[in-house]
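Structural description and commentary
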Amino acid sequence: MRIARSLSSLLLLTVLPAFQGGDQPDRPDQDPPSRVGRVSFLSGSVSFRPGDVDDWDEATINYPLHNGDHLWTDADARAEITVGSSALRLAPQTAFGLLALDDRTVQVRLAQGSLDVRVRDLGDDESLEIDTPGGAVSLLRAGTYRVDVDSSGDTTSVTVRRGDAEVTAAGSAFPVHPDQSAVVIGGDSPTYDVHDAIRPDAWEDWCASRDSRWDDARSARYVSRDVIGYEDLDDNGEWRDSPEYGAVWVPRTVPVGWAPYRYGRWAWVEPWGWTWIDDAPWGFAPFHYGRWVYWDGAWVWGPGRRVARPVYAPALVVFVGGRNWSIAIGPGHGGDVAWFPLAPEEPYVPAYHVSKTYIRNVNVTNVTVTNINVTNVNVTNIHYRNRHQPDAVTVVSHETFVESRPVNHGVIVVPRERLERAPVVGFAARVTPTRRSVLAQPATVEVRRPPPVVQTRAVIVRRQPPAAPVPFAARESALRAHPGRPLDEATLGTLRRQTPAARAQPLVRPAVSPTAETRPTPVLHPTREGLPPPRSVPSTAERPAQRPAEASDASRRAPPGARARPEPSAPPEHQERPRPAPPRAGRSVPDERDVGKARAPRRAPKGRAAERDTTKEKKP
């Protein structure tokens, strides 16, 4: 029997005035995205630079990426980033950045290296764009893609295994269909060629093995495939059916005294603020969706209500402390910080600036809560179920918290009776972040970074990305005024105007110049006869490239918070329409040392599974 308790206590929950400001207008258009990019795999030397600082540091597993963040994989290194149900994988010596990431757009900067992209589904109103020095690559439907940029930045290669893509450069665009590879040679008068797809190599074989974990994941029966990190649950725990909470997931191997939100660190990630970064390879989904509860002698994770588009949360915990407690939390002193996990049915009210609609969605998509009054709240009136469970409350020093030190190494033992007297503070720690909080590392470590020429290399964009993030140094003073509360859009806009560095756009060049419409013929030229001529793209085209007609109804996505639709027991595979291969190129593929070690052009082997339509999820 699933939870059927009264929700009357939830109706008392509201937003603390110090954080939300009840008199401010409701602005859903200014809500943060419901999804992030997760660093889901790291191997070798992988470096990370947040969008609002200039320092490079070691990349951290489970770090939530957003606009402006950069990664660099050094020699023999690999990395994987998941965004919703899509995966982006970086080969060695790859310079990667996020130009834009929200509920409808993923825009990537690839200045050098190789990127393998698996797109499980793509809605009609969504776009996924990979911007390179040679051109902007728009991925038009679900499929598997590979994009390579050589070390000089002069040559871009696009390979479509399944799906469809379009490359835009110099005011023109041309398509790339399944089992085809395209090469764009940059310069003042760029040229392109299209031929049979290059052979998959060991790098793509590794990417395919990662895909199989997603396709075969049993956890997809219990959670939406848009729950970031679901694919790691199978190997690290098991699902059980509880009479009170329904299907719950139990981690298989944890240390003695383990509790949720204890083995990891805190980081400051805009626009959400204080964010939990768990150490476990499976530690993303259970700490940003659903709820934890102590059941049958162990901590278990309940994913909550199954929806098509779950809403990401930075940390689903409650902080305790206050002036009347000997271990204090608050601005102006170095008091310790304490928290415990929220339980099922206990709603979460963000400290970051959100609309009432967002508050409802972030709760409906994480727990079975459908009736929340967000205008009249007192957090101290709620009976929190987990507070009295074994090892539920974690206490650390102010320095451990703000400097992103490992929490489990700095836990402070506090007598239970003192914890019982600690008042509830709310859903965010009122602690001012520092530069170390942004980097999510307790100390600066010398790391490999991309060559300077790669860091400053411009890429061509089809869609104009948002402005670069306001530097943390420019925000630090304003953040001290309201500890623990991210800045609102009005304050950020003022700082952006006052900070010259913040006004700079990312290193991008438009694929379509403002004067493109006046040109009689495209500037982009085919390298040989027999190739279809590129089509001219109007200068006002900032929308995603036109999708093929057969994909229009297969990849619709629900808005954030929508319930997932049940799928048939045996969903039909997404069949691609066969296309004749074009004549072989007169120009060879760029040297394999420069383009992801590509081999001689040959048609990709048949037999790899076609993309399935997974937009309709099964009910648990």
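Predicted model only: the values in this text are computed from it and were never measured.

Let's shift gears to the overall build of the protein chain. Along its length, the protein chain carries 11 helices and 31 strands. Here the protein chain, with 620 residues, has 59% of them falling under the buried criterion. The contacts in the protein chain between residues at least 6 apart in sequence include a share of 72% that link residues at least 24 apart. Summed over all atoms, the accessible surface of the protein chain reaches about 24500 Å², with 50% contributed by carbon and sulfur.

The strand order β26-β25-β24-β27 describes an open sheet built from 4 strands, whose pairing is antiparallel. The open sheet is flanked by β26 (394-396) and β27 (424-426), the only strands paired with a single partner. Sheet twist, expressed as the mean angle between neighbouring strand axes with direction ignored, is 35 degrees. One ladder, built from 2 bridges, connects strand β24 (residues 317-320) with β27; its direction is antiparallel. Its bridge partner lying in β27, F319 is registered against G426.

With 14 residues, helix α2 (residues 202-215) ought to run about 20 Å at 1.5 Å a step, and its terminal C-alpha atoms sit 20 Å apart, in line with that. Taken together, the buried positions of α2 are occupied by W203, E204, W206, C207, R210, D211 and W214. Along the axis of α2, the buried residues cluster in a sector spanning 155 degrees; they form a single face. Against the buried residues of α2 lie β1 (37-43), β6 (78-83), β7 (86-90), β9 (105-119), β12 (143-149) and β13 (155-162).

So, about the packing of aromatic side chains. Tallying each qualifying case throughout the model produces 30 aromatic pairs. When the centroid spacing of 5.8 Å and the interplanar angle of 65 degrees are considered together, the rings of Y261 and W276 count as edge-to-face. Here Y261 is found in the loop between β19 (246-251) and β20 (264-269), whereas its partner W276 is found in strand β21 (residues 273-278), with 15 residues between them in sequence. By the burial criterion, Y261 is buried, and W276 matches it.

Right, let's get into the pattern of salt bridges. Under the counting rule described, the total for this entry stands at 33 salt bridges. As a salt-bridge pair, E231 and R38 come within 3.7 Å of each other at their nearest N and O atoms. Of this pair, E231 sits in the loop between α2 and β18 (237-242) while R38 sits in strand β1, and the two are 193 residues apart along the sequence. A relative accessible area of 0% places R38 in the buried class. As a salt-bridge pair, R161 and E204 come within 2.7 Å of each other at their nearest N and O atoms. You can see R161 sitting in strand β13 and its partner E204 sitting in helix α2, a full 43 residues away along the chain. Each of the two residues, R161 as well as E204, counts as buried. Via salt bridges that share partners, E80, R89, D116, R118, R120, R210, D211 and D215 belong to a single interconnected network.

Right, let's talk about the environment of V438 for a bit. Checked against the element boundaries, V438 lands in helix α7 (residues 435-439). Residue class for V438 comes out buried when judged on its relative accessible area of 2%. On a C-alpha basis, the gap between V438 and F472 in space is 8.3 Å, while along the polypeptide they are 34 residues apart. Contacts of V438, omitting those with residues within four sequence positions, involve P50, D52, V53, Y63, W268 and F472.

Before going further, it helps to spend a moment on the environment of V317. Relative to the elements of secondary structure, V317 occurs in strand β24. Its relative accessible area of 0% is what places V317 among the buried residues. With 112 residues separating them along the chain, V317 and A429 place their C-alpha atoms 10.0 Å apart. Not counting chain neighbours up to four residues away, the residues in contact with V317 comprise Y261, W266, W339, F340, P341, L342 and F427.

Among all positions of helix α9 (residues 472-481), only F472, R475 and L479 are buried. Down the axis of α9, the sector holding all buried residues measures 65 degrees, keeping them to one side. Within α9, the exposed residues directed more than 90 degrees away from the buried face are A473, S477 and A481. Buried residues along α9 sit in contact with β20, α7 and α10 (489-498).

Look at the link from E270 to P271: it is a cis peptide, with omega at 0 degrees. Looking at the secondary structure, you find P271 in the loop between β20 and β21. Even without glycine at this site, A170 takes up a positive phi of about 50 degrees. Inspection of the secondary structure assignment puts A170 in the loop between β14 (165-169) and β15 (172-176). With a phi angle near 60 degrees, A440 is a residue other than glycine that sits in the positive phi range. Looking at the secondary structure, you find A440 in the loop between α7 and α8 (452-455). Judged by its relative accessible area of 0%, A440 is buried.

Attention now goes to the nonpolar core. Ranked by size, the top nonpolar core spans 124 residues in total, and within it W266, W339 and F401 carry the most contacts. Among the elements that line this core, the one with the most residues is β9, at 6 residues. Apart from residues lying up to four places away in sequence, W339 is in contact with Y261, W266, W276, V317, V318, F319, A392, V393, T394, V396, F401 and V407.

Below, the discussion takes up the side chain of E346. Here E346 lies in the loop between β25 (337-341) and α4 (356-364). Separated by 2.7 Å, the side chain of E346 and the backbone nitrogen of R385 make a polar contact.

Where burial is concerned, the two faces of strand β5 (residues 70-73) agree: the one with H70 and W72 and the one with L71 and T73 are both buried. Pairing geometry for strand β2 (residues 46-49) and β5, over 4 bridges, is antiparallel. Looking at the pairing, S47 lines up with W72 of β5. One ladder, built from 4 bridges, connects β5 with strand β8 (residues 94-101); its direction is antiparallel. Each residue of the ladder has a partner; that of H70, found in β8, is G97.

The rules we used
Residues numbered from 1 in each chain as written. Predicted model: local features only at pLDDT ≥ 70, side-chain atom pairs only at ≥ 80, totals over all residues. Heavy atoms only, no water. Helix = DSSP H or I, 4+ residues; strand = E, 2+ residues; numbered from the N terminus. Buried < 20%, exposed > 50% of the residue type's maximum accessible area, 1.4 Å probe, protein only. Contact = heavy atoms within 4.5 Å. Areas by Shrake-Rupley, 256 points an atom, 1.4 Å probe, with all protein chains shown as cover. Pairing = 2+ DSSP bridges. Axes fitted to C-alpha atoms, helices over the stretch in contact; angles between N-to-C directions. Expected span 1.5 Å × (residues − 1). Arc of directions from axis to C-beta. Phe/Tyr/Trp six-rings, centres within 6.5 Å; stacked < 30°, edge-to-face > 60°. Salt bridge = Lys/Arg side-chain N within 4 Å of Asp/Glu carboxyl O. Core = buried A, V, L, I, M, F, W, Y, C linked by side-chain atoms within 4.5 Å. Polar contact = N/O pair within 3.5 Å; in protein donor to acceptor, adjacent residues only side chain to side chain.

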